[in-house]
Amino acid sequence: MVLDDLGGSLRETLRSMRGQGRLDEDDIEAIVKDIQRSLLKADVDLDIVMELSERIRTRGLDEEPPAGTSAHDHLLKIVYEEMVELIGESTVLPLEPQVILLAGLQGSGKTTTSAKIAWWFDRKGLPSAVIQTDTFRPGAYEQSKEMAERAGVEFFGDPDAEDPVEIATAGLDATAEAEVRIIDTAGRHALEEDLIDEMEAIEEAVDPDVNLLVLDAAIGHGAKEQAREFEDTIGIDGVVITKLDGTAKGGGALTAVAETDSSIAFLGTGETVKDIERFEPSGFISRLLGMGDLQQLAERVERAMAESDADPEDWDPESIFEGDFTLIDMRHQLEAMQNMGPLDQVMDLIPGLGSNLKDQLPDEAMDVTDERLMRYRIVMDSMTDDELRNPSDIGASQIERIARGSGTDEEVVRELLQQHRMMEQTLNQFRGMGEGDMQRMMKRLQQHGGGGLGPF
Amino acid sequence: MFERLSKSLKSFQQDVDEQVEEPEVAEEDDGPSLAKRAKSYATGRVIIDEEAIEGSLTELEHALLQADVEINVAEEIIEAVRSEVVGEAVSITKSPGVVAVRAIRDALVEVMGVGQFDVEERFAELPRPTTVLFTGVNGVGKTTTIAKFAHYLEGQGYSVVLANGDTYRAGATEQLQEHGDALDIRVISHDQGGDPAAVIYDAKEYARANDVDFVLADTAGRLHTSHDLMAQLEKIDRVVEPELTLFVDEAVAGQDAINRAREFNEAAEIDGTVLTKADADTSGGAAISIARVTGKPILFLGTGQTYSDLERFDPEVLVDRLLG
């Protein structure tokens, strides 16, 4: 994901210096060069790159590592701190009633983002609404309406109206009961004067609490100019980076953040309304430095667990820490995992696993793995309740029947049983470590370092 | 496009002139330089040496990066300029800066001019009905480009039908249909979730039955990292067998332009690229990167929100404007 390349290359340079007690000028220069190249490849503005590398260079040479800290760790800390400084804290978004206005270039993903943000607040217990004011782009109304439906949030729009300002004010009246209102606007760029004027008029009429600039992760140096224009016109409080599930690194957004003196609010990571993450700077940088992102993983796992909770069978995720780990538990695990999103995205978040392991897998391995999970679920649907509860009792004739019943072959059934045994073993290692505290569990996973996904 | 790079190139020319004519001479080490100068006077020529222009080349590379030229492509261009210019003997009556800028011009024209062909002639020659498939990532402006293209082809006297191969995105059918209504052009579409190849196939059948010249086929935006959707694109390409495949990307794209262009070209080989939102952009490096990585020409620029905002991309004119 974001800045992946930087992570990889930087990790390598740092690793080569691990044993050294002191870093000389050449060592530091090598690291700075790596950082420069990676940031430039990530579309970070040249001036910012030069400033950042100058600070790392100076601090690396000037500062003595504190006693007991190796030069390597110390430099890692400097790089980390300077990156945090560059990327900034995430935008403050209190969980309270508010009006959020979205702005950005054509095709940056505002409409999808508006539904995602509404979904996000809605999930946090704040009934939300999307107000669609794009009267220009054909199909915008229909797209927005459908995305709002998928997000399960209120929608307001008027396909026959022509004035975005009128729609916005009417929309605020119509959605007065919703606590968070997201106003989507037509795409526009810095050089379209009349559209920039229109943006200003919308902002004046609705007086939003938060203005977010939506930027495609792939945007280049143009981000600077665009961000400055939107900042001058309506003032930008935060940036949303979209399409981060591609290979673009989102460095343009960092430029925008610097230019608007704001911060990053959300990350868009896919096409469904759930593919949104709150930006977490420390986690973001931990991931970048190959330390994994514990916080986000925990959030995802908890959310996914909460969804499985709603299951009519009333399954308690924490029950896996007590008694036997059955195939029923395993099925819930798999469902929870699929709720978390594509496996490769989940793996990015797992400490010590992310890019290292992914680099070693062939490109399609992740898709195949998703498919396999699907097959397992089909196989389990063909088992009796007794078999699901006592998988170790399943014999050859049962395997034959299950394979036939599920339209798979016996190999798949055996593979599933084998997988179950493995998960059971891994799980035993986690038992008795506190009442389902995911964070601690994940830390434990990190210490076991790349020892496999375990039950997750 | 290229406004900023254009400015950088002017200062590059001056830099080179200054550096080559007044090489920095360390006080205690004026031997070789003296000899060089003496030689220059004797022959009436100066040799552009690598050290003298190194700083200018670094500046140039930064300028290319700031113009969003992909980093490896920028390095290639710098290398081309370096090998062309270094060691070159320039008459002292000429400006070494001019020589260097000419080398840049050649390098840029070579990259951007790759595979250019006469579009109108090609359109006239292709078998009818001619299917043109538009591919690209989400939000680059494929549908808008198709509407502009339809308008352009009708202006050339061709008849057109639109095929909505984006059966995924909410609002896609309505978007294309509204363009169809505005342009008075027939749109073939199926229900959301249908098979995109089938829609385009139907549109071809329609075109064949009604003597329509061009089928312009839209596809759902997809990120090149999605294996499923890229496999689907391969299938569409195989089943539909388009006469022409155009990759659509935006001029504001940065370093990543090269990745997606490569992946799309591999999934469904392209014949050229349309760069959209060129009116929003002041850098233009995406044109250089995409042409370089695909080896296919940039054919059109999208320059605004009305149907007539589609311009033919002319690398020579652009480069000349760039070097103003």
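Before any of the text, the structure's been laid out above.
All values derive from a computational prediction rather than experimental measurement.

1. Structural notes on the overall build of chain B
(1) Moving on: Within chain B, the secondary structure is distributed over 13 helices and 10 strands.
(2) Moving on: Counting only C-alpha atoms and orienting by the principal axes, one finds that chain B spans roughly 80 × 40 × 30 Å.
(3) Moving on: Expressed as a percentage of its 324 residues, the buried residues of chain B come to 54%.
(4) Moving on: When contacts within chain B are restricted to residue pairs at least 6 apart in sequence, those whose partners lie at least 24 apart make up 80%.

2. Focus: the overall build of chain A
(1) Moving on: Looking only at helices and strands, chain A features 20 helices and 8 strands.
(2) Moving on: Counting every position in chain A, which comprises 456 residues, the buried fraction comes to 56%.
(3) Moving on: Of the contacts formed within chain A by residues at least 6 apart in sequence, a portion of 72% connects residues at least 24 apart.
(4) Moving on: Of the roughly 19000 Å² of accessible surface on chain A, 45% is carried by carbon and sulfur atoms.

3. What to know about the packing of aromatic side chains
Residue and element names in this part refer to chain B.
(1) Moving on: For the coordinates displayed, the defined rule picks out 12 aromatic pairs over all chains.
(2) Moving on: Where Tyr152 meets Phe300, the ring centres are 5.4 Å apart and the plane angle is 70 degrees; that geometry is what we call edge-to-face. Of the two residues, Tyr152 sits in helix H7 (residues 142-155) while Phe300 sits in strand S9 (residues 298-302), which places them 148 residues apart along the sequence.
(3) Moving on: When the ring of Phe247 is compared with that of Phe264, the centres are 5.4 Å apart and the planes differ by 35 degrees; the resulting orientation is tilted. Separated by 17 residues along the polypeptide, Phe247 in strand S7 (residues 244-250) and Phe264 in helix H11 (residues 257-267) bring together distant segments of the chain.

4. Digging into the sheet that holds strand S10 (residues 310-312) of chain B
Residues and elements named next belong to chain B.
(1) Moving on: The strand order S5-S4-S6-S3-S7-S8-S9-S10 describes an open sheet built from 8 strands, whose pairing is mixed. Of all strands in the sheet, those with a lone pairing partner are strand S5 (187-188) and S10, marking the two edges.
(2) Moving on: In terms of strand pairing, strand S3 (residues 130-135) meets S7 through 4 bridges, oriented parallel. The partner of Leu133 across the bridge, within S7, is Thr245.
(3) Moving on: Sheet contacts for H11: S3 and S7; angle to S7, the most-contacted strand, approximately 165 degrees.

5. Some details on a negative patch on the surface
Residues and elements named next belong to chain A.
(1) Moving on: Side chains of Glu193, Asp194, Asp197, Glu200 and Glu204 sit close together on the surface and give a patch of like negative charge.
(2) Moving on: The residue Glu204 is located in helix H8 (residues 193-206) in this model.
(3) Moving on: Residue Glu204 is classed as exposed on the basis of its relative accessible area of 61%.

6. What about the nonpolar core?
(1) Moving on: With 149 residues, the main nonpolar core has Phe123(B), Phe149(B), Leu153(B), Leu162(B), Leu216(B) and Ile288(B) as its most contacted residues.
(2) Moving on: Counting residues per element, this core draws most heavily on helix H5 (residues 96-112) of chain B, at 9 residues.
(3) Moving on: Residue-level mapping places this core at the junction of two domains, with at least three residues from each of domain 1 (4-87) and domain 2 (98-288) of chain A.
(4) Moving on: With 27 residues, the next largest nonpolar core counts Ile117(A), Ala118(A), Val210(A) and Ala265(A) among its residues.

7. Observations concerning the interface of chain B and chain A
(1) Moving on: With 38 residues of chain B in contact, the opposing surface of chain A contributes 40 residues.
(2) Moving on: Summed over both sides, the interface between chain B and chain A buries roughly 3500 Å², with carbon and sulfur atoms accounting for 51% of that surface.
(3) Moving on: Summed over the shared surface of chain B and chain A, the number is 1 salt bridge.
(4) Moving on: A salt bridge links Glu75(B) to Arg37(A); the nearest nitrogen and oxygen atoms lie 2.6 Å apart.

8. Some thoughts on the pattern of salt bridges
(1) Moving on: Tallied over the entire structure, the rule returns 32 salt bridges over all chains.
(2) Moving on: A salt bridge links Asp166(B) to Arg169(B), with the nearest nitrogen and oxygen atoms 3.7 Å apart.
(3) Moving on: Judged by its relative accessible area of 24%, Arg169(B) is partly exposed.
(4) Moving on: Ionic pairing is found between Lys277(B) and Glu250(B), a salt bridge with its closest N-O pair at 2.5 Å. With Lys277(B) in the loop between strand S8 (272-276) and helix H12 (285-294) and Glu250(B) in strand S7, this residue pair connects regions lying 27 residues apart in the sequence. The exposure classification of Lys277(B) matches that of Glu250(B), with both residues buried.
(5) Moving on: Connected through salt bridges with shared partners, the residues Glu29(A), Lys33(A), Glu54(A) and Arg57(A) form a single ionic network.

9. With respect to the sheet that holds strand S1 (residues 98-104) of chain A
All names here are of chain A.
(1) Moving on: Overall, mixed pairing links the 8 strands, which are arranged S3-S2-S4-S1-S5-S6-S7-S8 in an open sheet. Since the sheet does not close on itself, it has two edges, and those belong to strand S3 (154-156) and strand S8 (276-278), each with one partner. For this sheet, the mean inter-axis angle between neighbouring strands, taken without regard to orientation, is 25 degrees.
(2) Moving on: Alignment of strand S2 (residues 128-132) against strand S4 (residues 180-184), held across 5 bridges, turns out to be parallel. Across the sheet, the residue bridging to Ile131 is Ile183, located in S4.
(3) Moving on: Those strands touched by helix H5 (residues 110-123) are S1, S2, S4, strand S5 (210-216), strand S6 (238-242), strand S7 (264-268) and S8, and its axis lies near 155 degrees from that of S1.

10. What to know about unusual backbone geometry
(1) Moving on: With an omega dihedral of -10 degrees, the bond running from Arg128(B) to Pro129(B) counts as a cis peptide bond.
(2) Moving on: One non-glycine residue with positive phi stands out, namely Asp43(A), at about 70 degrees.
(3) Moving on: Take Asp43(A): it is sitting in the loop between helix H2 (25-41) and helix H3 (46-62).
(4) Moving on: A positive phi angle, near 60 degrees, is found at Lys243(A), a position not held by glycine.
(5) Moving on: Looking at the element boundaries, Lys243(A) is found in the loop between S6 and helix H10 (251-260).
(6) Moving on: Residue class for Lys243(A) comes out buried when judged on its relative accessible area of 11%.

So, how was this worked out
- Residues numbered from 1 in each chain as written.
- Chains lettered and ligands numbered in written order.
- Predicted model: local features only at pLDDT ≥ 70, side-chain atom pairs only at ≥ 80, totals over all residues.
- Heavy atoms only, no water.
- Helix = DSSP H or I, 4+ residues; strand = E, 2+ residues; numbered from the N terminus.
- Buried < 20%, exposed > 50% of the residue type's maximum accessible area, 1.4 Å probe, protein only.
- Contact = heavy atoms within 4.5 Å.
- Areas by Shrake-Rupley, 256 points an atom, 1.4 Å probe, with all protein chains shown as cover.
- Phe/Tyr/Trp six-rings, centres within 6.5 Å; stacked < 30°, edge-to-face > 60°.
- Pairing = 2+ DSSP bridges.
- Axes fitted to C-alpha atoms, helices over the stretch in contact; angles between N-to-C directions.
- Patch = residues over 30% accessible without salt bridge, like charges linked within 9 Å, V, L, I, M, F, W, Y side chains within 5 Å.
- Salt bridge = Lys/Arg side-chain N within 4 Å of Asp/Glu carboxyl O.
- Lys, Arg positive; Asp, Glu negative; His and termini not counted.
- Charge placed at Lys NZ, Arg CZ, Asp CG, Glu CD.
- Core = buried A, V, L, I, M, F, W, Y, C linked by side-chain atoms within 4.5 Å.
- Domains from an automatic or database assignment.
- Buried area = accessible area lost by both parts, 1.4 Å probe.

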